[in-house]
Amino acid sequence: MSAASCLLSEDQFLCSICLDVFTDPVSTPCGHNFCKNCINEHWNSNDQYLCPLCNKVFYTRPELLVNTFISEIVSQFRQEQQVAKPEVPCDVCTGTKLKALKSCLVCLTSYCETHLEPHLTKSGLKRHQLMDPVENLEDRMCMKHDKPLELFCKTDQTCVCMLCSVLDHKTHDVVPLKEEYEGKKAELGKTEAEIQEMIQKRRLKIQEIKHSVDLSKEAADREKAEGVQVFTALKESVERSLNELIETIEEKQRTTEKQTEDFIKKLEQEISELKTRSSEVEKLSHSEDHLHLLQNFLSLKAAPPTKDWTEVSVRPSYERTVVKAVAQLEETLSKQTNKLIEAELKRVQQYAVNVTLDPDTAHPELILSADGKQVNDSDVKKNLPDNPERFSDCGCVLGKQSLSSGRFYFEVQVKEKTKWDLGVARESINRKGQIIARPQYGSWNICVRNGNEYKGCNNPPLRLSLKSQPQKVGVFVDYEEGLVSFYDVDAAALMYSFTGCSFNEKLYPYFSPCNNDGGKNSAPLIICPVNQTV
């Protein structure tokens, strides 16, 4: 094989429609290549003329011409992929040996057309067994009896000669080589078909994975765009809040400075008046005119017209301004977060699964509805078979549907209940003893007690602070991501998430309505249809 063709693989010559090596490859105006028959059939079965790879729409059916360049490369590739049969030389020719036409298993010799003639014309040689030319004819002879290996022993799974069949293998199941050859050839044909089917499945899986990557890229681009939009809005909000904060503080500072100037001006004015009075008092006190002093004493003795400055101070407060600005920013962030969670809830609802309860797993005290959508506790233990799947100590039940890859979502009404547990559990969860609601014991749940005490059943349990009491809870699982999230569906709010989980077996929806509590907790858990118009 040439150096150039060594660099090429079969995958480079596959039609994306039939997933096989091109046959009559043609190019579309957008530059993609397909088998001529494949693209024509594709367009015949669709209303639009669009490229299966890039989805470019052609408003008139394009004229398809064979891509001679690719056609030649594919042809060369096919030829180089074929294993050439070795050329066996004639054993009789002297000098330049001609190509052998047949090999004789009796003579152990390969003959060209000329030297083969006696075997075709002489009666003694006509009985010899001829076959297509092969090398190493001695390998086709029995080493023990020096006879051709004409038979196959099914008992020992080996080739034998006629003497072997009546001596060493006389009690064995021996058949002619041709008979076993046909059987084995049929098996090889079946094996080849299975291999080709496996190859086809893997090619389809490659296409599926590539398509998943494309979808993932589209999702990543959407997420980035949303992220940029949200964080740009937050950045603008922060900058706006910061500018408003600075402006408020500076305005307060200007007001303080103006107030200070007014205070100082009044104080200086009073000081001036007091100095004048002080001078008059001093002058009067040195007067020796009895009449003059007595006549002016009362006016100078009166209290000066000054205000009481004892309680007057300048105390600007900037702390509350900052706190108020931060509170407003938190409110804005909360609104943006709520919008994101609402959009996230809409996305996860696309993975809704029609979950039904599995009666074979239900604790004997539980009552399941006929449609498998509701469960509540009766406080009365029924006599049911103690099959391996059934929970015997804890009042819980699993869903019939399981998840071992991908994502799923379901919603459960918890209205009017004072106690419940909800989430997912692995297949190997303990079913014959007490359940410890922790991930390490095989469950990822949230629970409520006393009507309003919500907890994420992690290690350790986490008390959840919720703005409202959920009436309907959504449960979302991303198996590969290791994520289990719980949503208040009506409020479009995230309640709690388990992150970084490591799943290695099937997961099942998990429900526990908890005990009836004398009728206080008699309301059922109800699996609801998912409304994707939140």
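Residues numbered from 1 in each chain as written. Predicted model: local features only at pLDDT ≥ 70, side-chain atom pairs only at ≥ 80, totals over all residues. Heavy atoms only, no water.

**Considerations on the sheet that holds strand 14 (residues 407-413)**
Point 1. One open sheet accounts for 7 strands, arranged 11-12-23-14-19-20-21; its pairing is antiparallel. The sheet terminates laterally at strand 11 (366-368) and strand 21 (493-498), the two strands that pair on one side only. Recorded for the sheet is a direction-independent mean angle of 20 degrees between the axes of neighbouring strands.
Point 2. When strand 11 meets strand 12 (residues 374-377), the two strands line up antiparallel, connected through 3 bridges. Across the sheet, residue L368 finds its bridge partner in strand 12, namely V375. (Pairing = 2+ DSSP bridges. Helix = DSSP H or I, 4+ residues; strand = E, 2+ residues; numbered from the N terminus. Axes fitted to C-alpha atoms, helices over the stretch in contact; angles between N-to-C directions.)

**Some words on a nonpolar patch on the surface**
Point 1. Together, L163, V166 and L167 line one region of the surface with nonpolar side chains, adding up to about 250 Å² of accessible area.
Point 2. Structurally, the position occupied by L167 is in the loop between helix 6 (162-166) and strand 10 (174-176). (Patch = residues over 30% accessible without salt bridge, like charges linked within 9 Å, V, L, I, M, F, W, Y side chains within 5 Å. Areas by Shrake-Rupley, 256 points an atom, 1.4 Å probe, with all protein chains shown as cover. Salt bridge = Lys/Arg side-chain N within 4 Å of Asp/Glu carboxyl O.)

**Quick word on the packing of aromatic side chains**
Point 1. Tallied over the full model, the rule gives 11 aromatic pairs.
Point 2. Their ring planes at 90 degrees and their centres at 6.5 Å tell us that F391 and Y510 sit as a pair that is edge-to-face. Of this pair, F391 sits in the loop between strand 12 and strand 13 (397-398) while Y510 sits in strand 22 (residues 507-512), placing them 119 residues apart in sequence.
Point 3. On the basis of relative accessible area, Y510 is assigned to the buried category, the value being 4%.
Point 4. Summarising the aromatic geometry, the rings of Y496 and F498 are spaced 5.0 Å apart at their centres and angled 90 degrees between planes, so their arrangement reads as edge-to-face.
Point 5. Three or more aromatic residues joined by ring pairs make a cluster, and in this case those are W43, Y49 and F58. (Phe/Tyr/Trp six-rings, centres within 6.5 Å; stacked < 30°, edge-to-face > 60°. Buried < 20%, exposed > 50% of the residue type's maximum accessible area, 1.4 Å probe, protein only.)

**As for the nonpolar core**
Point 1. One finds W420, V473 and F511 to be the most contacted residues of the largest nonpolar core, which totals 34 residues.
Point 2. Mapped by element, the contributors of at least two residues to this core are strand 14, strand 15 (420-426), strand 16 (443-449), strand 19 (472-478), strand 20 (483-488), strand 21, strand 22 and strand 23 (525-528).
Point 3. Aside from chain neighbours lying at most four places away, what touches W420 is V414, I446, C447, V448, R449, Y454, V473, S512, P513, C514 and L525.
Point 4. F22, C35, W43 and V74 belong to the second-largest nonpolar core, a separate cluster that totals 17 residues. (Core = buried A, V, L, I, M, F, W, Y, C linked by side-chain atoms within 4.5 Å. Contact = heavy atoms within 4.5 Å.)

**Re the side chain of S110**
Point 1. Checked against the element boundaries, S110 lands in strand 6 (residues 109-111).
Point 2. Sequence-distant contacts of S110, defined by excluding residues within four places in its chain, comprise V88, P89, C90, D91, V92, A100, K102, S103, V134 and L137.

**Points about the pairing of strand 16**
Point 1. Of all 7 residues making up strand 16, 6 are buried, and the element is well covered by its neighbours.
Point 2. Pairing of strand 15 with strand 16, which is carried by 6 bridges, proceeds in the antiparallel orientation. For W420, the partnering residue across the bridge sits in strand 16 and is V448.
Point 3. Count of turn residues in the strand 16/strand 17 (residues 453-456) antiparallel hairpin: 3 residues, of which N450 carries a positive phi of about 55 degrees.

**Considering the pattern of salt bridges**
Point 1. Applying the stated criterion to the full structure yields 16 salt bridges.
Point 2. In this structure, E180 engages K154 in a salt bridge whose closest nitrogen and oxygen atoms are separated by 3.9 Å. Note that E180 is positioned in helix 7 (residues 177-285) and K154 in the loop between strand 8 (151-153) and strand 9 (158-160), a separation of 26 residues in sequence.
Point 3. Taking the relative accessible area as the measure of exposure, K154 reaches 34% and is therefore partly exposed.
Point 4. The residue K184 makes a salt bridge to E180 at a minimum N-O spacing of 2.3 Å. Note that K184 and E180 are positioned in helix 7 at a spacing of 4 residues, about one turn of the helix.
Point 5. Residue classification places K184 among the partly exposed positions, given a relative accessible area of 33%.
Point 6. Accessibility expressed as a relative area gives 10% for E180, which makes it buried.

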